[in-house]
Each structure stands twice: as C-alpha cells, then as structure tokens.
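Residue-level listing of the chains:
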Amino acid sequence: VFFMLFSIPTFILVKDKAANAKINIADAMKAAYKSIKSTWSQTRRYKGLVPFLIACFLYMEGINTVIFFLYLYAEDQLKLSLLEFFPVYIALAIASGIGSLVFGRMNDSIGPKKSLNIALGIWVIVMLLLMNIKSLTGFIAAGSLGGAVLGAVWTINRPMIVKLSPKGKTAEFF
C-alpha cells in the first residue's frame, strides 16, 4: 500500500521519452550478455569489490530471513494476529527511516566500512535480543532497533559500492 501511494506522483509527473528505434530482442540479449561478461571479468581489478559483493549477498540474506520470520515469530511466540502486527510493522518502518538518516550522517563522518561494521554488529545484538524476548514491548524495542539498522544497511551499501567500483562503472555494479 505504501509503495503504491508513494509511486503515484512518479506515474503522474514523470514522462517517459519515446524510443525512436525498435530493438531486436536477440541483439539486445547478446549485448546484455556481453556487458555482463565484461563487467564480471573486470571485477578482479578492483580491490575489495568481489569480497564486498559476496559479503553483501550473505548479510542481506540473513537480514531478509529475519524480516521474513519476524511476523511468524510474533504470531507464534506473542500470539499476535496479522492485524495486530501491522502497527508493529509500521513502527519498524519508521525506525528504518530514522536509522537511514542517522547512519547516513555517520557514513559521511566515519566512512561506509566503519558504519557498515557498526550496523552489522548491532544486527547481531538484535538477533540475540529477538531470540530471547517474550513480551510485546521487548519485541517492539528490539524490532525497532532492527528496523533502524535495516535502514542503516540499505543506506550504507550504496556509498560502499560507489567507493569500491571504478568511476563510470558504478551503475554496472549495483
């Protein structure tokens, strides 16, 4: 619902430029494959990029797993219905926005690597807290902290990729 509401201004105000030429699908697929192959072969040249991309994949999968099971945990352990969980989810989303702002400033002052390490360290604490919490208040507190560092990780990943990828190729590594 949020995504739909916040997308409406884009659909109304941003107009696409019409493409003048028709693109042959086979040629487009060949060009895309060639571009991906070229980009992948160049990754070895940029120190730290491949380890970061692998680490990013792994920690984001861990975070996604926590998010996925959050409602199931709330339902099983705290006996929350889906409707009762919505306000909790909204609180987590608000915390995510706040975490993005706070860690965005931290990223500007101490850099993306240190900021990311701090955010991931807090994620470990959040997971330990969530495994031991049995009250709704504790769940909301730990979940809000998790929401804040979720926003932090999303915010910090982008400057980290910018820092590690070569000028002019940043979009390819996103």
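Every value quoted in this text rests on a predicted model; they were computed, and no experiment measured them. (Residues numbered from 1 in each chain as written. Predicted model: local features only at pLDDT ≥ 70, side-chain atom pairs only at ≥ 80, totals over all residues. Heavy atoms only, no water.)

Overview of the packing of aromatic side chains
Then comes step 1: The full count for this structure, using the stated rule, is five aromatic pairs.
Then comes step 2: Joined through ring pairs, the aromatic side chains of Tyr71, Tyr73, Phe85, Tyr89 and Phe139 make up one cluster. (Phe/Tyr/Trp six-rings, centres within 6.5 Å; stacked < 30°, edge-to-face > 60°.)

Let's talk about the environment of Ala119
Then comes step 1: Looking at the element boundaries, Ala119 is found in helix H5 (residues 112-132).
Then comes step 2: The spacing of Ala119 and Glu172 is 53 residues in sequence and 25 Å in space, taken between C-alpha atoms.
Then comes step 3: Apart from residues no more than four positions distant in its own chain, Ala119 is found in contact with Phe103, Val149, Ala152, Val153 and Ile156. (Helix = DSSP H or I, 4+ residues; strand = E, 2+ residues; numbered from the N terminus. Contact = heavy atoms within 4.5 Å.)

What to know about the confidence of the model for the protein
Then comes step 1: Of all residues in the protein, 96% have pLDDT values of 70 or greater, and the mean over the chain is 86.
Then comes step 2: No element of the protein has a lower mean pLDDT than helix H7 (residues 170-173), which averages 72, and none a higher one than helix H4 (residues 82-110), which averages 92. (pLDDT = per-residue confidence, 0-100.)

So, the environment of Lys169
Then comes step 1: Along the chain, Lys169 turns up in the loop between helix H6 (136-164) and H7.
Then comes step 2: Overall, the relative accessible area of 23% leaves Lys169 in the partly exposed class.
Then comes step 3: Spatially, the C-alpha atoms of Lys169 and Ser115 are 24 Å apart, while their sequence positions differ by 54 residues. (Buried < 20%, exposed > 50% of the residue type's maximum accessible area, 1.4 Å probe, protein only.)

Structural notes on the nonpolar core
Then comes step 1: Formed by 33 residues in total, the largest nonpolar core has its most connected members in Phe52, Tyr59, Phe85, Trp123, Phe139 and Val153.
Then comes step 2: The set of elements that each furnish at least two residues to this core consists of helix H3 (49-77), H4, H5 and H6.
Then comes step 3: Leave out the neighbours within four places in its chain, and Phe139 touches Leu70, Tyr73, Ala74, Leu78, Phe85, Val88, Leu130 and Ile133. (Core = buried A, V, L, I, M, F, W, Y, C linked by side-chain atoms within 4.5 Å.)

Focus: the environment of Ile156
Then comes step 1: The residue Ile156 is located in helix H6 in this model.
Then comes step 2: Taking relative accessible area as the criterion, Ile156 reaches 0% and is therefore assigned buried.
Then comes step 3: C-alpha separation for the pair Ile156 and Leu145, spaced eleven residues apart in sequence, amounts to 16 Å.
Then comes step 4: For Ile156, the contacting residues outside a window of four places in its chain are Phe103, Asn107, Pro112, Ser115, Leu116 and Ala119.

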